[in-house]
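# Observations on the three-dimensional arrangement
Here is what each chain is made of, one letter per residue.
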Amino acid sequence: MEKATETIPVSSHPTTLEKQWLNAVSPEDFIRNNKNFNSLMMKYRCAIREIQTKLEVLNDEFSVANQRNPISSIKSRIKTPASIYEKLRRKNLPFTEESIVKNLDDVAGIRVICPFIGDIYTMANLISSQDDITVLKIKDYIQKPKDNGYRSYHMIVEIPVFFSEGKAAMRAEIQIRTIGMDFWASLDHQLHYKKDISSLVDIASIEDELRRCAETVNLTDRHMEEIKDLIGDVKDI
Ligand code: 0O2
């Protein structure tokens, strides 16, 4: 006779994360931790919303004054639990709520894509000068690109978010880059994400190609900016 119920294993090879969350804690602790984790992620999502609204307001205002948008698009994401866990593990830090808040700057991430390099600095200055925003860290990978060719302007900011029980200072990472830099970074990200291709292709030669491509993108970005300056006010870019 067939069994009425069957336990389906989650995975025949549970990951460290699964072991830690599912096996190492009691069901009560698991549920409580999960609730606290979801509540923390909700706060980061709210911080993203606040910052995104600020950026949209600045974009609207600029477009009325200058007949063009300094922002082409905005993307945002909350770091996945697995990615949070991995980053803390890499830094030898505990996977607790306190540790996430204290040690991670990029749980909330906002990516701002601009048409021109000049727009990147305009948006960075406008957002930094708002008095409820505190800029904690800046990494200018445009002035000083990474060895692999990565270019982008990174800001770690803190913003107050108002909840029913009071105000919380939430941290977020804002990455600002041109359309070309973003195009380049997504291909580069795929290369590192698909680590399993290393046995099939020559990674070093792809990295060389990407480095060359980053230079081409940079030259094009600067050339486009020069053309824009020659034209003057560019409409509908
Ligand atoms: P994901 O999936 O985008 O979240 P730190 O936080 O200072 O300890 P970290 O995290 O290396 O050190 O800071 P950094 O240099 O500011 O980089 C943070 C993010 O920038 C990365 O997040 C990427 O999104 C992006 N980034 C940095 N370097 C590169 C690169 O060489 N190529 C690409 N494609 N993106 C890059 P995560 O957490 O790595 O990933």
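Details of the structure are given in the entry above.
The sections below set out a description of the structure shown in this document. (Residues numbered from 1 in each chain as written. Predicted model: local features only at pLDDT ≥ 70, side-chain atom pairs only at ≥ 80, totals over all residues. Heavy atoms only, no water.)

### A short note on a positive patch on the surface
Residues Arg90, Lys91, Lys139 and Lys146 make up a contiguous surface patch of positive charge. For Lys139, the location among the structural elements is in strand β3 (residues 134-140). (Patch = residues over 30% accessible without salt bridge, like charges linked within 9 Å, V, L, I, M, F, W, Y side chains within 5 Å. Areas by Shrake-Rupley, 256 points an atom, 1.4 Å probe, with all protein chains shown as cover. Salt bridge = Lys/Arg side-chain N within 4 Å of Asp/Glu carboxyl O. Lys, Arg positive; Asp, Glu negative; His and termini not counted. Charge placed at Lys NZ, Arg CZ, Asp CG, Glu CD. Helix = DSSP H or I, 4+ residues; strand = E, 2+ residues; numbered from the N terminus.)

### With respect to the packing of helix α2 (residues 27-66) against helix α5 (residues 117-128)
The angle between the axes and the distance between the axes are what describe a pair of packed helices. Direction vectors running N to C along α2 and α5 enclose 120°, while the axes themselves pass 11 Å from each other. Our classification of the angle between α2 and α5 gives oblique. Handedness of the α2/α5 crossing: right-handed. Where α2 approaches α5, its residues Lys54, Leu55, Leu58 and Phe62 are matched on the opposing element by Thr122, Met123, Leu126 and Ile127. Taken together, the residues that form the contact of α2 with α5 break down as 6 nonpolar, 1 polar and 1 charged. (Axes fitted to C-alpha atoms, helices over the stretch in contact; angles between N-to-C directions. Parallel < 35°, antiparallel > 145°, perpendicular 65-115°, else oblique. Left-handed = near helix turned anticlockwise from the far one by under 90°. Contact = heavy atoms within 4.5 Å. Nonpolar A, V, L, I, M, F, W, Y, C, P; charged D, E, K, R; others polar.)

### Points about the nonpolar core
Judged by nonpolar contacts, the single largest core of 41 residues is most densely connected at Ile84, Ile100 and Ile176. Elements with a contribution of two residues or more to this core: α2, α3 (81-90), β2 (108-114), α5, β4 (153-163) and β5 (166-178). At 10 residues, α2 tops the list of elements feeding residues into this core. When near neighbours in sequence (up to four residues on either side) are disregarded, Ile176 contacts Val112, Cys114, Ile120, Ala124, Ile142, Ser152, Tyr153 and Met155. By size, the runner-up hydrophobic cluster in this structure holds 7 residues, among which are Trp184, Ala185, Leu210 and Ala214. (Core = buried A, V, L, I, M, F, W, Y, C linked by side-chain atoms within 4.5 Å. Buried < 20%, exposed > 50% of the residue type's maximum accessible area, 1.4 Å probe, protein only.)

Scope: geometric values only; no functional claims are made or implied.
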